Amino acid sequence: MENFTCSDPSIENYRYFGAALGVLVTVVGTLGNCMTILAFGIEKKLQSKLNTLIVNLSLSDLLYCAFLQPITVDSYIHLSWRMGADGCRVFGLLLFVSNAVSILNLGSIAVNRYFLIRDKRLFDRIYTRYTMPAFLGIPWLVGLASFAPLWTSFDFLKQVCTCSFHRERGRPYTTILLVFYFVAGIASITVFYCLIHRRVAVSSKALHKYRVRMSAHGPPGAHGRETAMLAATPREASTSCSLDAANSATNTTAGTWTEALRDEPGASRSHDEASANSSDLDTGENVTKKRRNKKKKSAASAVKKNLDGEFKKVTKMCYVIFLVFAVCYLPFCVLNVIDRKGTYSPIWHMMAANCTWLNSGINPILYALMNRQFKDAYKAIVLSPLRLMRKTRH
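Parameters and conventions
Residues numbered from 1 in each chain as written. Predicted model: local features only at pLDDT ≥ 70, side-chain atom pairs only at ≥ 80, totals over all residues. Heavy atoms only, no water. Phe/Tyr/Trp six-rings, centres within 6.5 Å; stacked < 30°, edge-to-face > 60°. Helix = DSSP H or I, 4+ residues; strand = E, 2+ residues; numbered from the N terminus. Buried < 20%, exposed > 50% of the residue type's maximum accessible area, 1.4 Å probe, protein only. Disulfide = S-S within 2.5 Å.

**Student:** I keep staring at the packing of aromatic side chains and nothing clicks. Help me out?
**Tutor:** What the rule picks out here adds up to 20 aromatic pairs. A centroid spacing of 4.8 Å and a plane angle of 40° characterise the contact between phenylalanine 96 and phenylalanine 165, whose relative ring orientation is tilted. With phenylalanine 96 in helix α3 (residues 84-118) and phenylalanine 165 in strand β2 (residues 162-165), this pair connects stretches of sequence that are 69 residues apart. Here phenylalanine 165 falls in the buried class, since its relative accessible area comes to 10%. Where phenylalanine 180 meets tyrosine 181, the ring centres are 4.9 Å apart and the plane angle is 80°; that geometry is what we call edge-to-face. Under the relative-accessibility criterion, phenylalanine 180 is labelled partly exposed at 46%. Judged by its relative accessible area of 2%, tyrosine 181 is buried.

What follows is the structure, given as structure tokens:
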């Protein structure tokens, strides 16, 4: 580790673009991930099991954006490493621990989504207040245990102008880790989202058939039971679905689907609205029984549709977060495979590395764009100081 410089004619001008991009990622990523963690802490609607895993992902992104990215920017500006050999090893270790935690958290989120739609009762047994700390801590422990043995292999690499593990010194262990995290990990997550998509498609079709059958052939009062099932607690709904499923597999699928949707952050509000609508409908003295049943049926269908849409939106957000991660890291992984001897120009390696920077800064933007509750919480955090200033003036 004698040479800490990365000066090369091909990157003399590009380094300023890389440094500017690094500053942007630092600012956006640090503020965005801090707001995500703060929003989760102060907004009860966001404190779901899924969002707990998302916050853990935000912590790994914050580690990178707030602490590691500024150091990389410094090395870009000066085209050298200025923190010594031990600082280089610490940086390399934290960098890959952060990446490992991100991949493991993305996998945990995919598994969470799958069990929620596959078996709600098993989901409730796995994800409890006692087991959630383990789901949060295990990715960090596994990541640290995986890359700590490479402590002596972390070195300053001229190609990327930052510290990473030495390509030759750490083999074959480094190859095993890359295959495990980036190949097997991403492939496994992809499989889980394919299974989720298939399950959602089958369940949605079965739920549609269930609605049609209940509408066309259901006995008197069936619509009332459907509304009551939606307003009931998950345990009551589970019992109701089990009774209805005695004579039909379609009913079972519909009941399981509806029950699973209740775990979504926006589900409780939909149930409250359903209960309020049912109460308002029952108090109309001049409304006939037939019209009341028709309105109850409409309200029940609307709530089911809202829950269905909420689950799909949240799952879509999780999938897009994973997809962005895969796209950001793909150029870096491919380039390291095809250029094992390091013959390519450093600018190619720097550009590929710059793509990986974007992932940690983009995630909070995705939360805001694809999740209404996160978006509302962000707005409240930003506007609260302004409101406080207005109150103090008056």
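**Student:** Could you clarify how one ought to interpret the state of the cysteines in this entry?
**Tutor:** In total, this model carries 2 disulfides according to the counting rule given. Disulfide pairing places cysteine 6 opposite cysteine 161 at an S-S distance of 1.9 Å. Taken together, the residues span a long stretch of sequence, with cysteine 6 in the segment before α1 (14-42) and cysteine 161 in the loop between β1 (154-157) and β2 at a distance of 155 residues. Here cysteine 161 falls in the buried class, since its relative accessible area comes to 0%. Bonded cysteines in the protein are paired 1-3, 2-4 when counted in the order they occur along the chain. Just so you know, cysteine 355 is unpaired, no disulfide at all, and the nearest cysteine sulfur is the one on cysteine 328, 6.9 Å from it.

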